[in-house]
Amino acid sequence: MKLTATMMLTLDGVYQGPGGPEEDRRGRFDRGGWTAPYGDEEGGRFVTAMLERADGLLLGRRTWEIFEGYWPHHDDNPIGHAINVLPKYVPSTTLKDPTWQNTHVIDGDVEAAVRELKAKPGRELQVHGSGDLLRWLLERDLVDELNLRLYPVLVGDGLRLFPERGQTHDLKLVESRSTASGVMLLTYRPAGRATFGTV
């Protein structure tokens, strides 16, 4: 399976609390819900089409908790139904006996488990949100495709996807388009390490 990751980001790189004010208050973050003014049908179609290619979800613990508290109660649409029925893999040493259907806890060697999942036949193993997990996967060159939904807003606070210091990555843009509300839908494929020189 190809490992694809998707992330909603502000122009200043924030991924925290996109869905609502109470979604993620870490660090006293009070600017959640920044995607709300930009919702449109095209964005919904993008996510629906993406989930139709998924054979499994790889979710960070916090994202799994947010999803688990919401999606089981919203199974009446294509996005909710897909999230509920797909296998969900969650790296965690503390999550025990999850009751949400099709949840599988990875409590051992996460890198080996992810490589084993990727080696299985299928279309896509998808990461949604899960900033810490996505950075960890990128550091280990486990991401095959990166989908960024870039929102035309500067939040000015909150957790940013990319740290000030980290591994370099060269990315090849394979698709880009914008929605009527101004959200950029960008698809990249990692293409090795970044190179440097003089212009």
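In the block above lies the structure referred to throughout.
Residues numbered from 1 in each chain as written. Predicted model: local features only at pLDDT ≥ 70, side-chain atom pairs only at ≥ 80, totals over all residues. Heavy atoms only, no water.

**Observations regarding the environment of threonine 35**
You can see threonine 35 is positioned in the loop between β1 (2-10) and α1 (41-52). For the pair threonine 35 and glycine 20, spaced 15 residues apart in the sequence, the C-alpha separation amounts to 8.2 Å. Dropping the residues within four chain positions of it, threonine 35 is found in contact with Met8, Pro18, Gly19 and Tyr151. Among the polar contacts made by the side chain of threonine 35, one reaches the main-chain carbonyl oxygen of proline 18 at a distance of 2.7 Å. (Helix = DSSP H or I, 4+ residues; strand = E, 2+ residues; numbered from the N terminus. Contact = heavy atoms within 4.5 Å. Polar contact = N/O pair within 3.5 Å; in protein donor to acceptor, adjacent residues only side chain to side chain.)

**Here's the deal with the pattern of salt bridges**
Within this structure, the stated rule accounts for 17 salt bridges. Here glutamate 145 ties to lysine 2 by a salt bridge, and the two come within 3.4 Å at their closest N and O atoms. On the criterion of sequence distance, the pair formed by glutamate 145 in strand β6 (residues 145-151) and lysine 2 in strand β1 is long-range, its members being 143 residues apart. Residue glutamate 145 is classed as buried on the basis of its relative accessible area of 5%. Given a relative accessible area of 29%, lysine 2 falls into the partly exposed group. Between aspartate 30 and arginine 31 there is a salt bridge, with the nearest N and O atoms lying 3.8 Å from each other. Taken together, the shared-partner salt bridges in this structure form one network comprising Lys2, Glu145 and Arg189. (Salt bridge = Lys/Arg side-chain N within 4 Å of Asp/Glu carboxyl O. Buried < 20%, exposed > 50% of the residue type's maximum accessible area, 1.4 Å probe, protein only.)

**Looking at the packing of aromatic side chains**
Following the criterion strictly, the structure yields 4 aromatic pairs and no others. Look at tryptophan 34 and tyrosine 151: their rings are 5.6 Å apart centre to centre, the planes differ by 80°, and that puts the pair in the edge-to-face class. Here tryptophan 34, found in the loop between β1 and α1, pairs with tyrosine 151, found in strand β6; they are 117 residues apart in sequence, far enough to count as distant. Given a relative accessible area of 6%, tyrosine 151 falls into the buried group. Grouped by ring-pair contacts, the aromatic residues Trp34, Tyr38 and Tyr151 constitute a single cluster. Lying over the aromatic face of tryptophan 100, lysine 88 brings its terminal NZ or CZ to 4.5 Å of the ring centre. (Phe/Tyr/Trp six-rings, centres within 6.5 Å; stacked < 30°, edge-to-face > 60°. Lys NZ or Arg CZ within 6 Å of the ring centre and 35° of its normal.)

**With respect to the environment of alanine 49**
Along the chain, alanine 49 turns up in helix α1. The sequence separation of alanine 49 and valine 14 amounts to 35 residues, and the corresponding C-alpha distance is 24 Å.

**Points about the sheet that holds β6**
Judged by pairing direction, the sheet is mixed, and its 8 strands sit side by side in the order β4-β3-β2-β5-β1-β6-β8-β7 without closing on themselves. Looking along the sheet, the strands with just one partner apiece sit at the ends: β4 (103-106) and β7 (171-178). Each adjacent strand pair in this sheet contributes to an overall mean axis angle of 25°, direction not counted. Here strand β2 (residues 54-58) pairs with strand β3 (residues 88-91) via 2 bridges, running parallel. The residue bridging leucine 58 from the neighbouring strand is tyrosine 89, located in β3. Here helix α2 (residues 61-70) sits on the sheet and contacts β3, β4 and β5 (124-128); the angle it forms with β3, its principal contact strand, is near 135°. Strand contacts of helix α4 (residues 110-119): β1, β2, β3, β4 and β5, with the helix running at about 135° to β4, the strand carrying the most contacts. (Pairing = 2+ DSSP bridges. Axes fitted to C-alpha atoms, helices over the stretch in contact; angles between N-to-C directions.)

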